[in-house]
Amino acid sequence: MSMSEYCDMFKAEANEHLQQLNHTLLELEQDNSNLENINIMFRAAHTLKGMAATMGYNKIAEVTHEMENLMDSIRNQEIDINSTIINVLFECLDQLEFGIENIETECDMDISAILLRLNEVSSSAEKHEHVAENVTCVSESIDLKEDDIKKCQSLCEDKDSSIFNVQVTLDETCLLKTARTGLVLRELDKMGTVVKTVPSQEDIDSGNIDNEINIVFVTANNENVVIEKISKVSEISNVKIDPLDLDNILAAEKTESMPSIPSTPTSTSKSMKNSMNEDNVKSVQSVRVSIERLDNLMNMVGELLINKSRLNQLAIELETKKLDETLASLDRLTNDIQVEVMDARMVQIDQVFNRFPRMVRDLSIEQKKKISFLTEGNEIELDRTVLDEIGDPLVHLLRNAVDHGIETPEERIAKNKTETGSLNLKASRLRNNVLIELQDDGRGIDPVKMRDVAIKKGLFERAQANDLSDREAMYLIFEPGFSAAEEVTDISGRGVGMDAVKNKIEDLGGSVELESVVEQGTTIRLKLPLTVAIIQSLLVNVGEETYAVPINNIVRDEVIEQDDIRSIKGEKVVNLRGEVLPLVDLHDVLSVPHNKENYRDNNNLLVVVVEKAGQHIGLIVDKLLGQQEVIIKTLDNKLLKNVKGFSGATILGNGNVALILDVPTLV
Amino acid sequence: MQENMLKIDKKVDEDDENVLQLVIFQLGGEEFAVDIMQVQEIIRMPESTRIPQAPDYVKGVINLRGKIIVVINLDVKFNIEAKEIDENSRVIVVEVEDNILGMVVDSVSDVISLPHSNVENAPDIITSKIKAEYIQGVGKLDDRLLILLDLKRVLQESEMEHIEKIKKSA
């Protein structure tokens with residue numbers, strides 16, 4: 001494996017941990033009493049640190065190390081979580097993300113600022129710690145368990161000895177803390193019995209020590225002797241010794257332990273539960289496979305499908321019944337393989353959604369707006385290729401909603417709305433599609449304003465604009481170069497307009513719908529295909545040529561009579577049971593060559609009704625050949641750059657190429 | 001032994017430098033040549049699918065073992081008259097700057113080696129018929145005159161033409 005492969009793996013894994021950190025930190029921000037979240041974050045940061053250090057990404061390791069220290073203090077309840085700490089941690093995550101994103105130049109990353117910020121909050125935390133120490137007496141700073149106390153009691157009974165709490169402070173400059181502490185403990189062991197140390201023996205062995213060590217120590221010797229002996233060990237800056245009164249401790253234990261004892265078991269059982277969960281997760285065996293491999297597999301399955309349909313066709317032509325059984329099982333097998341491969345490419349939409357809460361939080365702080373953001377349907381799965389593409393459009397839509405949709409708290413109160421605006425992002429499965437809905441309860445889109453802007457921008461004359469229905473006027477936001485925003489802000493209006501969103505979604509074979517009521521809010525619906533590589537399509541003949549129409553676009557098919565076709569403003573329409581259906585003759589659109597003699601002498605016309613941006617359009621075709629699964633192959637040749645109306649081509653059972661119609665750009 | 005092999009290798013290399021390997025094809029009564037390094041394969045004319053709205057010299061797309069490839073009519077491009085498609089017609093599949101495409105030709109006759117010294121700049125007589133920038137040079141082989149095509153130019157320019165066409169129509 002080459003370094004770059006390791007690097008990719010590191011990036012992928014590091015991003016997962018970052019995601020987890022972000023997610024948990026958001027939860028912690030909502031509810032800072034749940035310290036289990038800190039534990040989760042600590043583990044994630046720790047793993048990240050280890051990974052980064054192994055790979056030699058020292059800056060990342062350093063930042064995570066400092067984060068760990070901070071989180072450790074929170075965990076030990078030395079500091080209370082406040083918004084400053086949360087913000088600093090968020091900043092750390094951004095810094096880490098930046099570092100991971102630009103991993104090649106990681107060593108040049110400037111982390112001094114972030115380390116300074118981290119130090120600021122931790123040092124303010126240290127003060128907090130000192131304050132606590134000044135108030136509480138030393139004897140309380142060490143927490144003796146029941147069996148510890150019993151041990152002390154039995155030791156005291158045996159000999160004429162007393163219990164001390166020894167506090168040893170190591171030099172700031174002490175390098176081998178473990179060794180120094182070991183020496184101190186050995187000295188103490190010579191004089192008596194060490195009952196308990198804080199930090200624990202394991203922590204000391206693993207080097208997990210601060211400069212201070214608290215030791216509960218039973219000895220027959222005098223205090224001064226003990227101090228003298230310990231002070232002989234070098235690199236010790238201070239030794240403090242206080243006698244411990246067992247009776248006092250026991251009394252305190254009885255009053256204090258009542259609330260503290262139940263809290264300890266719950267937290268441990270919780271963490272135990274968690275570790276068990278982790279084990280469960282780990283027991284599902286999985287392998288990391290690169291997308292490229294899955295893509296190759298997908299392509300090969302595509303070829304297999306083509307060959308299968310070719311075989312089917314040959315069997316029909318040769319009229320051999322013998323092949324039927326084998327072909328049927330081949331059919332089943334290829335179908336199964338296809339389903340498996342498609343499933344393997346499926347990824348939970350959560351992968352895209354989970355970065356949005358953080359984004360909306362930052363945006364709303366920036367905009368001084370109050371927004372409650374909810375996501376739903378995070379478990380819905382989508383094909384990897386689709387998922388990769390929808391991130392940017394969704395970011396754009398969310399930004400729009402925060403920027404233009406939801407009002408400031410003052411404005412909302414004035415309008416008799418709740419102070420906090422709501423923004424909901426919901427994914428759901430709708431047959432072979434995934435529906436993503438973004439709903440806000442903000443200003444809504446005002447058709448009147450839209451018409452005004454359209455006139456101002458010179459897109460329409462006043463009379464033309466007034467002719468537009470409210471719906472059409474609202475849909476103007478999808479026109480290129482149309483921005484309804486009165487002023488361009490940092491957040492939106494940066495050039496990637498709603499038209500880009502619409503184009504992207506339509507490129508993926510999806511559609512965008514818009515619904516908005518003034519002052520009540522806007523809902524934007526994205527309908528996306530589950531996958532892009534293989535689609536169900538209806539094969540049709542136009543003249544002698546065969547085209548594939550994606551089933552996703554098709555509403556139904558109809559037979560109409562030529563005499564029923566009317567012309568409105570030069571466009572062909574037909575009145576079908578009260579619905580006025582615009583007609584498009586594919587012969588004309590595709591400029592299909594035809595000889596006049598056999599051209600539609602029949603009065604009956606076949607029409608495939610398709611949907612485009614919520615509107616129905618009838619496509620006149622000559623023959624329906626039936627439904628078929630087709631593999632989309634792109635037509636990415638320089639020479640075809642300006643060809644519109646096709647989303648790609650596919651290979652038919654007979655080996656010929658058929659073009660796949662792209663309804664949104666065709667008509 | 002090894003030394004010998006090295007010598008042989010070197011000799012072949014030297015040959016490569018001085019000699020062009022060319023695929024010769026016929027189109028509208030002329031003989032053309034393209035560098036063999038640009039040619040991927042030569043196939044019989046398969047069924048092709050027309051692409052509406054494509055430039056006029058694009059014949060359509062074909063299925064080449066599962067890959068979809070654009071095929072162009074060189075005769076339309078060069079403004080000469082090709083023969084009707086018959087059993088001698090071939091598609092030369094070429095790769096130019098990561099773009100794979102097929103060129104329909106009347107027939108493919110042979111592959112020859114031509115020393116660089118036999119290639120001259122195009123005389124004006126031929127250029128009157130085919131644009132000079134498409135021609136890399138004229139190769140002389142005995143008494144035959146071979147028009148060496150500069151495929152990069154042929155395909156690059158087609159893009160420019162297309163853009164101009166759009167500009168005019170807009």
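The coordinates are above.
From a predicted model like this one, the values you see are computed outputs, not experimental measurements.

Draft legend 1. Spotlight on the interface of chain A and chain B. Across the contact, 28 residues belong to chain A and 26 residues belong to chain B. Here chain A packs against chain B, burying approximately 2,100 Å² in sum over the two surfaces, 56% of which is carbon and sulfur. It is Lys638(A), Leu639(A) and Val657(A) in chain A that bury the most area against chain B; as a group they hold 32% of the surface buried on that side. Counting every contact that joins chain A to chain B gives one salt bridge. One salt bridge in this structure joins Arg50(B) and Glu545(A), with 2.7 Å as the shortest N-O distance. Of all elements in the fold, only helix H12 (291-318), strand S13 (545-550), strand S21 (646-651) and strand S22 (657-661) of chain A reach the threshold of two or more residues within the side of chain A that touches chain B. The residue makeup of the side of chain A that touches chain B, split by class, is 14 nonpolar, six polar and eight charged.

Draft legend 2. Highlighting the packing of helix H8 (residues 177-191) of chain A against helix H10 (residues 223-231) of chain A. Residue and element names in this part refer to chain A. Relative orientation of the contacting elements H8 and H10 amounts to 145°, with a least axis distance of 9 Å. In terms of crossing hand, the pair formed by H8 and H10 is right-handed. For the pair formed by H8 and H10, the contact residues are Val-184, Glu-187, Leu-188 and Met-191 on the first element and Val-226, Lys-229 and Ile-230 on the second. Across the contact of H8 with H10, the residue classes tally to five nonpolar, no polar and two charged.

Draft legend 3. Summary view of the sheet that holds strand S4 (residues 236-244) of chain A. Residue and element names in this part refer to chain A. Taken together, the four strands give an open sheet; going across it, the order is S2-S3-S1-S4, and neighbouring strands pair in antiparallel fashion. Edge strands, defined here as strands with exactly one partner in the open sheet, are strand S2 (192-198) and S4. When strand polarity is set aside, the average angle formed by the axes of neighbouring strands in this sheet is 25°. Here S2 pairs with strand S3 (residues 212-219) via six bridges, running antiparallel. Following the sheet pairing, Val-198 is matched in S3 by Asn-214. Taken strand by strand, H8 contacts strand S1 (162-170), S2, S3 and S4, and its axis lies near 145° from that of S2. On the sheet, H10 packs against S1, S3 and S4 and is oriented at approximately 155° with respect to S4.

Draft legend 4. Expanded view of the sheet that holds strand S4 (residues 58-64) of chain B. Residue and element names in this part refer to chain B. Spatial ordering of the open sheet is given by S3-S6-S7-S5-S4, a layout of five strands whose pairing is mixed. Taken across any chain shown, the strands that pair with only one partner, and hence form the sheet edges, are strand S3 (39-44) and S4. When the angles between neighbouring strand axes are averaged without regard to direction, this sheet yields 30°. When strand S6 (residues 90-96) meets strand S7 (residues 99-105), the two strands line up antiparallel, connected through seven bridges. Bridging across to S7, Val-96 finds its partner in Asn-99.

Draft legend 5. Focus on the nonpolar core. In this structure, Leu590(A), Phe25(B), Phe32(B), Ile72(B), Leu74(B), Phe78(B) and Leu149(B) are the most contacted members of the largest nonpolar core, which totals 66 residues. Both domains that furnish three or more residues to this core are identified here as domain 3 (291-348) and domain 5 (534-666) of chain A. With sequence-adjacent residues up to four places away left out, Leu74(B) is seen in contact with Phe25(B), Leu27(B), Met103(B), Val104(B), Leu149(B) and Val154(B).

Draft legend 6. Summary view of helix H16 (residues 384-405) of chain A. With 22 residues, H16(A) extends 30 Å from end C-alpha to end C-alpha; this agrees with the ideal 32 Å at 1.5 Å per step. Ile390(A) marks the point of greatest bend in H16(A), at about 35°, and the proline Pro393(A) comes within the next four residues.

Draft legend 7. Spatial organisation of unusual backbone geometry. Although it is not a glycine, Lys368(A) sits at a positive phi angle of roughly 55°. Looking at where Lys368(A) falls in the secondary structure, it is placed in the loop between helix H15 (356-367) and strand S6 (371-376).

Draft legend 8. Spotlight on the packing of aromatic side chains. Counted by the stated rule, this structure contains seven aromatic pairs over all chains. Between Phe10(A) and Tyr57(A) the ring centres are 4.9 Å apart and the planes differ by 50°, which places this aromatic pair in the tilted class. Here Phe10(A) is found in helix H1 (residues 3-30), whereas its partner Tyr57(A) is found in the loop between helix H2 (35-55) and helix H3 (58-75), with 47 residues between them in sequence. Accessibility expressed as a relative area gives 11% for Tyr57(A), which makes it buried. Their ring planes at 15° and their centres at 6.4 Å tell us that Tyr547(A) and Phe646(A) sit as a pair that is stacked. With Tyr547(A) in strand S13 and Phe646(A) in strand S21, this pair connects stretches of sequence that are 99 residues apart. Residue classification places Tyr547(A) among the buried residues on the basis of a relative accessible area of 1%. According to the relative accessible area criterion, Phe646(A) is buried, its value standing at 12%. Taken together, the ring pairs in this structure connect Phe25(B), Phe32(B), Phe78(B) and Tyr134(B) into an aromatic cluster. The ring centre of Tyr57(B) lies 4.5 Å from the NZ or CZ of Lys77(B), which sits over that ring.

Criteria and thresholds
- Residues numbered from 1 in each chain as written.
- Chains lettered and ligands numbered in written order.
- Predicted model: local features only at pLDDT ≥ 70, side-chain atom pairs only at ≥ 80, totals over all residues.
- Heavy atoms only, no water.
- Contact = heavy atoms within 4.5 Å.
- Buried area = accessible area lost by both parts, 1.4 Å probe.
- Salt bridge = Lys/Arg side-chain N within 4 Å of Asp/Glu carboxyl O.
- Helix = DSSP H or I, 4+ residues; strand = E, 2+ residues; numbered from the N terminus.
- Nonpolar A, V, L, I, M, F, W, Y, C, P; charged D, E, K, R; others polar.
- Axes fitted to C-alpha atoms, helices over the stretch in contact; angles between N-to-C directions.
- Left-handed = near helix turned anticlockwise from the far one by under 90°.
- Pairing = 2+ DSSP bridges.
- Core = buried A, V, L, I, M, F, W, Y, C linked by side-chain atoms within 4.5 Å.
- Buried < 20%, exposed > 50% of the residue type's maximum accessible area, 1.4 Å probe, protein only.
- Domains from an automatic or database assignment.
- Expected span 1.5 Å × (residues − 1).
- Bend = angle between axes of the 7 residues up to and from the residue.
- Phe/Tyr/Trp six-rings, centres within 6.5 Å; stacked < 30°, edge-to-face > 60°.
- Lys NZ or Arg CZ within 6 Å of the ring centre and 35° of its normal.

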